[in-house]
Every structure is written in C-alpha cells, then in structure tokens.
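# Examining the three-dimensional arrangement
Here is what each chain is made of, one letter per residue.
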Amino acid sequence: MKIVIVGGVAGGASAAARLRRLDEHAEIILFEKGQHISYANCGLPYYVSRTIKKQEDLLVQTPKSFNGRFCIDIRTMNEVIRINREYKRVEVYNHVTKETYFETYDKLILSPGARAVKPSSVQGLDNEGVFTLRDVPDIMEIDNWILENEPEHATIAGGGAAGIELAENLIMRGLKVTLVGSAIIKAVDKEMSKIAEKELKKNGVELLLNRYITSVQKNAANLVVHTTDGDVQTGMLIVCAGVVPNSKLAAEAGLKLGVRDCIAINDKMETSDPDIYAVGDVTESTEFITREKKHISLAGPANRQGRIVANQIMGIDSRYKGTQSSFVIKVFDIAVASTGITEITAKDLGIDYDKVYMHAGAHAGYYPGAKPLTSKIIFERTTGRVLGGQFVGAEGADKRCDVLATAIRAGLTATDLMDLELCYAPPFNSAKDPLNMAGFIIENIMTGMVNNFHWENLNSVSHKEGTLLDVRTKQEAEKNHVSKFINIPLHELRIRINEIPPGKPVYVHCFSGLRSYVACRLLKAHGFECYNLSGGIFMYSTINS
Ligand code: FAD
C-alpha cells in the first residue's frame, strides 16, 4: 500500500503516525510545502511574548525526529500542485530544486489546512508592516518586524481567538495594542464575551468594536489604518480575520466541495473519490448537535480525523461523529470556554430552547482565593437535551466546559447534570459543582418549581403589570439601584410580605439569581405568581455596562 499525504501538521502528521503504527510495511510519503512539519500553530501567539521561549519549542516534531520514529518519507518544501485522479498520481513542485515531478498513490490523504484571510475589499493590506498569522514563518516575520522597527503600537484586525491571543502577547511584549473588529469572540453569546471585553480593556487593549478596517496607508513612519469610524496610527497591523480552506487543489481535481468551499467528506473522511480522503481545516464539518454543515477550524478535530482516516485506510471502521466546536481562549487572567451551540444559533434554527446562568465562586467561598465563574447552559425546553454551554472566569472554566462537552457527547440531558459526581475539596470546587447547580436549576424550571426571566426582558417588565422586587441587601441595592425595583431584602421578605400587592405577578432579582430563587419559592407558597431573573443583576449589568 502506498499512501501519499498532503500537509504535514495536525491532520497530516497524525494520519502518518497512525498509519505507521497500523502497518509497518506501508509506503507513506508526506508532502509539506513549508519548511516545518508538526508545528504548534496554537502556540504561535505565545512566542511574541516569549512565554514560549524558542522557535524550536514551536516544533512538536522535526522531519528527522518524525522519520526516526515512524519511518515516513517526509518531503518538506515540496508542494503538491495537481492531482490526477485517472492515473492516481500527484504532481509535486520542489521549492528547493525548482523541479516538478510525479508521485503515484494507492490512497491519497488531503490535509492542506486553511489560510488566513486578507479581505480583498480592504485596500493596502500589501503594505510593509501588515501581517497575517498561520505558521512559523508568519510569527517569525512578526517578531522580526518588532525587533527591527521597535513599533510602540500594534493594531489587530479581528476579535477571534488568534486576535485576542496576539493582543495579550503583544501587550506582554511592551506594545500598546488596538483591536478593531465587529465584536470579540463571536463564538460565544454577547453577554458572555462582554466579560472578556472588560478583561481586555482592564489590561490596556484599546477596543474599537462595531467597526471594520476599510483601507491601510503607509506614511513616513507609520501605517494609517482607516476604519468605518475613524483612523488608527500604528506601527504594524496583524489581520486575524478568519481562515479559508486550501481546497483549490481538490476543486481542480473535480472533488466535491461543500459549505464555504470546504472539501465535502463523509464520516469515514472519504471525499467524492473513494481513493482520496480529506481531514482537518480543509474539510466541511458536521456540527454535532444540529448536524448542520459548517467550516470549523480546530486542532482537536483535525488530529482525531487524522487517526480515523488511517484506521479507515487500514480496514478499521472508525467514524467521525461530528464537531462540537469546543474551545477555550486565555484572555489575560480569565478563560472563555465554550462547547456545543450558542443561544444565537439555537434561536436562528428555531429550536425551542431555554437557558440558565450561574455566577458563583469557582471553589468553596470559605477557602481563600475563590474567583468568580460565570456559566451559561442552553438546553432544549421540551426534552432537556443539552445544546451548549459557555464558561468565563479566572479558574475552572475549562474544567466545567470539558465536563459539559463530555455530557453532550454522551447524550446526557440537562437534568442528568444533577447526578454528576465531580471531585470536590474546598481549594478546587464546591460540594455542588456549577454543573450540578445547573442541573438543579433546570430541573426546577422543567418541573415548574420556578419561572425564569432573562436580562434581555428586564427593560420590558413594567411595574404597571407586576411588582418588581429586588431581594438583595439594602447596601447592595443602594450601591447599584435598578430603576422601578423596590428593595425588600430576602431575610425581611416573610415579615414584609404584605407590602407586595396581591393579584399581580412578581419579578424578582438579586445579584446572581440564587436569593431571588429562594424568594420566588417563598412568594409562590403565599400564592404569588413569580419570575426569577436568571443570572441576576450581574448578567444585566454586564451586558449594559
Ligand atoms: P494545518 O495545521 O494548517 O496544516 C496544513 C499544512 O499543509 C500546512 O503546513 C501547509 O503548509 C501544508 N500545505 C498546504 N497546501 C499544501 C500543498 N499543496 N502541498 C503540500 N503541503 C501543503 N485550534 C485549536 O483547537 N485551539 C487553539 O488554541 C488554536 N489556536 C490557533 C492559533 C493560531 C495562531 C492558529 C493559526 C490556529 C489555531 N488553531 C487552534 C487552529 C488549528 O491550528 C488548526 O485547526 C489545525 O492546525 C488544522 O490542522 P490541519 O492539518 O487541517 O491544517
């Protein structure tokens, strides 16, 4: 068996290693058009601040080490430029010798990844000092520019993971940073990304949101970045505006493409040609929850798909079951993690969903150092199916996200979260993990123990149609009064219950939604119809600040 692989990083290298482990005798050739294989794309931003100290640390494997372990014929600086399906061969351009040659295959695996977009609508992105970030040479160019030109200021276009990670690492390098974009971390809902927005501002990143770069000009010393709302003078611009799949090779070979020109594949990673497989960022993903086709660019799926394709080629029937879009982003001292679909997606798809928020310490409050963790779980109202979750905080966001990701994979319902037995000691958690709490709250909602309302409804609830009740302490209410709400602290509610007019619904809030839930139960027992503000005034204030 002769297997040819195009692309030597996440998907390609994983496939090559697994193939060798399954078949000692197969001929495996791996073509990589760049200098490096198996490099850490995800680690690139951290080189700018020297959190990752040396360029070599970004190379998980070198051709020599990889070949030594797996006996793979690795050809770096060799670019596959054409696929001839009829003759089952690829045409290769050697960037060193400048020669072109052919190589035949029995099975061909495409893992050429994606490339960073430089929007063609923006004039001037070809100026010196404008960069994108995808691979090791890109980060070295950025680093060299900083070393040689000593810019005081950098601009990032785009508020996704790469843009945010770069912003943080450039600040650590001593530059001033402006981030321009429509929003930050659009892969989570806006009230959750707002917490990250604050963290970025707190750490000195200037955010120019709700705007786009329109053009870039070079003047004597600087670049002038023109946006839809004002100009930015800057020493360098890094465009982090997303990626597009490197699918031209496949398209020219007549392979079927799908959404956003990604290569269409089935769950065996087969393309429309049974001898050609594709994995990683170049492929169309099936979203795990909705089964929608999407372009999702993540390292975990690319690596797992590399293993699956090797299994398939070697006769083991493993299947790829879909991509949940689980991710985590470090934003200075906090993390933003997410799995499954967002509320916006659920709404767009017309799913009958509900959501709960929790805002509590990431470990027991009585043990020093507990930092707040804000969690959001989205679930299907009728079945309790977990649709997604988002977690933001300085501690434990990734852990809760991973547990929820596992629950989603396993098909657990939101109320099953109550039964998860998760490890606990005061420095690490509370006896009731936030996910247990989510399960309790969702059970309360699904069984009618409590009715929720949400931050987006708060402005429309009117004291004419109901009583608006704040059950925080007097001090809390004085410090952050919410107009129209009367304050009766929870511990006084029983004795002051006659201050609440009967026959009208009561909308109750506190800081996080916990005390207001207790108040709702009390009021309900006295015959009131009650609604609890999920996530409390914290969530409302976060989005409105
Ligand atoms: P790639 O890793 O891009 O590899 C494709 C390779 O194919 C490239 O080296 C390319 O040179 C080569 N190639 C292309 N065309 C040809 C050709 N015709 N012939 C020969 N070789 C070719 N994901 C996460 O899950 N978490 C993260 O924290 C994260 N952070 C990231 C940070 C940055 C800055 C970047 C750029 C990406 C990050 N990602 C992250 C995404 C992750 O790196 C990708 O999803 C993953 O690398 C995709 O693997 P792949 O094999 O499909 O493509």
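Because the structure is predicted, anything quoted here is derived from the model rather than measured. (Residues numbered from 1 in each chain as written. Predicted model: local features only at pLDDT ≥ 70, side-chain atom pairs only at ≥ 80, totals over all residues. Heavy atoms only, no water.)

## Things to note about the overall build of the protein chain
Within the protein chain, the secondary structure is distributed over 14 helices and 30 strands. Against the globule reference of 24 Å for 545 residues, the protein chain gives a C-alpha radius of gyration of 27 Å, in line with a compact fold. Projecting the C-alpha coordinates of the protein chain onto the three principal axes gives extents of approximately 90 × 60 × 40 Å. Counting over 545 residues, the protein chain shows a buried share of 54%. By sequence separation, contacts in the protein chain at least 24 residues apart represent 63% of the contacts at least 6 residues apart. Roughly 24,100 Å² of accessible area belongs to the protein chain as shown, and the carbon and sulfur atoms make up 51% of that amount. In the protein chain, 63 side chains carry a positive charge and 64 a negative one; their mean positions are 3 Å apart. (Helix = DSSP H or I, 4+ residues; strand = E, 2+ residues; numbered from the N terminus. Rg over C-alpha atoms; globule rule 2.2 N^0.38 Å. Buried < 20%, exposed > 50% of the residue type's maximum accessible area, 1.4 Å probe, protein only. Contact = heavy atoms within 4.5 Å. Areas by Shrake-Rupley, 256 points an atom, 1.4 Å probe, with all protein chains shown as cover. Lys, Arg positive; Asp, Glu negative; His and termini not counted. Charge placed at Lys NZ, Arg CZ, Asp CG, Glu CD.)

## A short note on the pattern of salt bridges
Applying the stated criterion across every chain yields a total of 31 salt bridges. Across the salt bridge formed by D229 and R211, the nearest N and O atoms sit 3.9 Å from each other. Residue D229 is found in the loop between β14 (223-227) and β15 (230-234), and its partner R211 is found in the loop between β12 (205-209) and β13 (213-218); the two are separated by 18 residues along the sequence. With its nearest N and O atoms 3.3 Å apart, the salt bridge here joins R385 to E380. Its relative accessible area of 33% is what places R385 among the partly exposed residues. E380 gets classed as buried once you look at its relative accessible area, which sits at 16%. (Salt bridge = Lys/Arg side-chain N within 4 Å of Asp/Glu carboxyl O.)

## What about the packing of aromatic side chains?
This structure, assessed with the given rule, holds six aromatic pairs. Ring centres of F31 and Y101 lie 6.4 Å apart, and the angle between their planes is 55°; on these two criteria the pair is classed as tilted. Of this pair, F31 sits in strand β2 (residues 27-32) while Y101 sits in strand β6 (residues 100-104), and the two are 70 residues apart along the sequence. Among the residues examined, F31 registers a relative accessible area of 1% and is labelled buried. Residue class for Y101 comes out partly exposed when judged on its relative accessible area of 23%. By the ring-pair criterion, three or more aromatic residues cluster together here, those being F453, Y507 and Y531. Taking NZ or CZ as reference, R89 lies 5.3 Å from the ring centre of Y87, over its face. Sitting above the plane of the F288 ring, R409 keeps its charged end 4.2 Å from the centroid. (Phe/Tyr/Trp six-rings, centres within 6.5 Å; stacked < 30°, edge-to-face > 60°. Lys NZ or Arg CZ within 6 Å of the ring centre and 35° of its normal.)

## Here's the deal with the side chain of K355
Inspection of the secondary structure assignment puts K355 in strand β23 (residues 353-361). A distance of 3.1 Å separates a polar atom in the side chain of K355 from a polar atom in the side chain of E343. Polar side-chain contacts of K355 include one of 3.0 Å to the side chain of Y357. Look past the residues within four positions of K355 in its chain and what remains in contact with it is E191, E343, K376, I377, I378, F379, N452, H454, W455, E456 and S534. (Polar contact = N/O pair within 3.5 Å; in protein donor to acceptor, adjacent residues only side chain to side chain.)

## Regarding the site of the ligand
Taken together, 27 residues lie around the ligand, and G11, E32, R134, D281 and A299 are the ones closest in. One nitrogen or oxygen atom from the side chain of Y39 is found 2.9 Å from an oxygen atom belonging to the ligand. At 2.8 Å from an oxygen atom of the ligand is found a main-chain nitrogen or oxygen belonging to D281. Of all the elements in the fold, those that place two or more residues in the shell around the ligand are α1 (10-22), β2, β4 (78-84) and α8 (299-313). For the shell around the ligand, the leading source of residues is β4, giving three residues. Broken down by class, the residue content of the shell around the ligand amounts to 14 nonpolar, eight polar and five charged. (Near = heavy atom within 4 Å. Nonpolar A, V, L, I, M, F, W, Y, C, P; charged D, E, K, R; others polar.)

## Here we look at the pairing of β13
Pairing of β13 with β14 involves five bridges; the strand directions are antiparallel. Considered in β14, the bridge of Q217 is made with V224. The hairpin turn running from β13 into β14, its antiparallel successor, is four residues long. (Pairing = 2+ DSSP bridges.)

## What to know about the environment of F70
With respect to the element layout, F70 can be found in helix α3 (residues 63-70). In this structure F70 comes out as buried when scored by relative accessible area, which is 10%.

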